[in-house]
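Survey of secondary and tertiary structure
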Amino acid sequence: MRTIVMHPHPALRSRALPVAKIDASIETLVGEMIQTMHDEGGIGLAAPQIGVSKRVFVTVGESEDGGDERVFINPKFLLIDGLLEASEEGCLSLPEIRGSVRRQPHAVIEATGLNGEIFTMESAELMARCWQHEVDHLDGILIIDRMSPIDRLVNRKRLRALEAAQESE
Ligand code: NI
């Protein structure tokens, strides 16, 4: 299991690099990410959140006991559409901070799996939101960038405390 890096860690703010080759180091990385996601109780986790600037994220699967997690390497959206919908989001790199984020509800994503094969998935439910949240991480974008001004204000003290805690480390 790896440690989650917290805002304002620089790894969360840079554009992650594409994975050139799926080798043993990527397999190890993915295994650690899945373990960390489960241990922290997240539904998704992006590599920059454990300080690795690579375009990889994982999500939980359908079954409660795990084992059917999804791995997205070099993901890209083929389609994002629908009217913007607001819904509350949190992030393991922003503990105790929650806010309403507007996203389009329908997405088709393409990525490479751990087996090296390209796949596409479609969602008009929670996963469409989750994918957008995780791809944002790969582009150095956090939910605090997408929150309404009111939600930013509501979370201002917690955000300051988090930033102060990181600086003192
Ligand atoms: Ni997040």
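Our subject in this report is the structure included herewith. What you see is a predicted model, and the numbers here were worked out from it, not measured in a lab. (Residues numbered from 1 in each chain as written. Predicted model: local features only at pLDDT ≥ 70, side-chain atom pairs only at ≥ 80, totals over all residues. Heavy atoms only, no water.)

**Details of a negative patch on the surface**
Residues E62, D65, D68 and E125 make up a contiguous surface patch of negative charge. With respect to the element layout, D65 can be found in the loop between β2 (56–59) and β3 (70–81). Overall, D65 belongs to the exposed group, its relative accessible area being 70%. (Patch = residues over 30% accessible without salt bridge, like charges linked within 9 Å, V, L, I, M, F, W, Y side chains within 5 Å. Areas by Shrake-Rupley, 256 points an atom, 1.4 Å probe, with all protein chains shown as cover. Salt bridge = Lys/Arg side-chain N within 4 Å of Asp/Glu carboxyl O. Lys, Arg positive; Asp, Glu negative; His and termini not counted. Charge placed at Lys NZ, Arg CZ, Asp CG, Glu CD. Helix = DSSP H or I, 4+ residues; strand = E, 2+ residues; numbered from the N terminus. Buried < 20%, exposed > 50% of the residue type's maximum accessible area, 1.4 Å probe, protein only.)

**Description of unusual backbone geometry**
Going from H7 to P8, the amide bond is cis rather than trans, its omega being 5°. With respect to the helices and strands, the residue P8 is situated in the segment before α1 (24–40). A positive phi is found at N74, a non-glycine position, where the angle reads about 50°. In this fold, N74 is placed in strand β3. At E96, a position not held by glycine, the phi torsion is positive, near 70°. Along the chain, E96 falls in the loop between β4 (85–89) and β5 (99–103).

**Some details on the side chain of H137**
Looking at the element boundaries, H137 is found in helix α2 (residues 126–138). When its relative accessible area of 1% is taken as the criterion, H137 is described as buried. The contact partners of H137, leaving out residues within four places of it in the chain, are L12, S14, A46, P48, Q49, C91 and L142. (Contact = heavy atoms within 4.5 Å.)

**As for the nonpolar core**
With 16 residues, the main nonpolar core has L29, V30, M33, L45, V56 and V58 as its most contacted residues. Mapped by element, the contributors of at least two residues to this core are α1, β2 and β3. If you tally residues by element for this core, the top one is α1, at six residues. In contact with V56, other than residues within four places in its own chain, are V19, L29, V30, M33, L45, A46, A47, F72, I73 and L138. (Core = buried A, V, L, I, M, F, W, Y, C linked by side-chain atoms within 4.5 Å.)

**Focus: the side chain of R129**
Relative to the elements of secondary structure, R129 occurs in helix α2. Judged by its relative accessible area of 12%, R129 is buried. Those residues in contact with R129 that sit more than four places away from it in its chain are E85, A86, S87, E89, V101 and R103.

**A look at the packing of aromatic side chains**
Taken as a whole and judged by the stated rule, the model has three aromatic pairs. With a centroid separation of 4.4 Å and 10° between ring planes, the pair formed by F57 and F72 is classed as stacked. In this pair, F57 sits in strand β2 while F72 sits in strand β3, placing the two residues 15 residues apart along the sequence. Each member of the pair F57 and F72 is classed as buried. With centroids separated by 6.0 Å and ring planes inclined at 55°, the aromatic side chains of F72 and W131 adopt a geometry described as tilted. With a gap of 59 residues between them, F72 in strand β3 and W131 in helix α2 connect regions that are remote in the sequence. (Phe/Tyr/Trp six-rings, centres within 6.5 Å; stacked < 30°, edge-to-face > 60°.)

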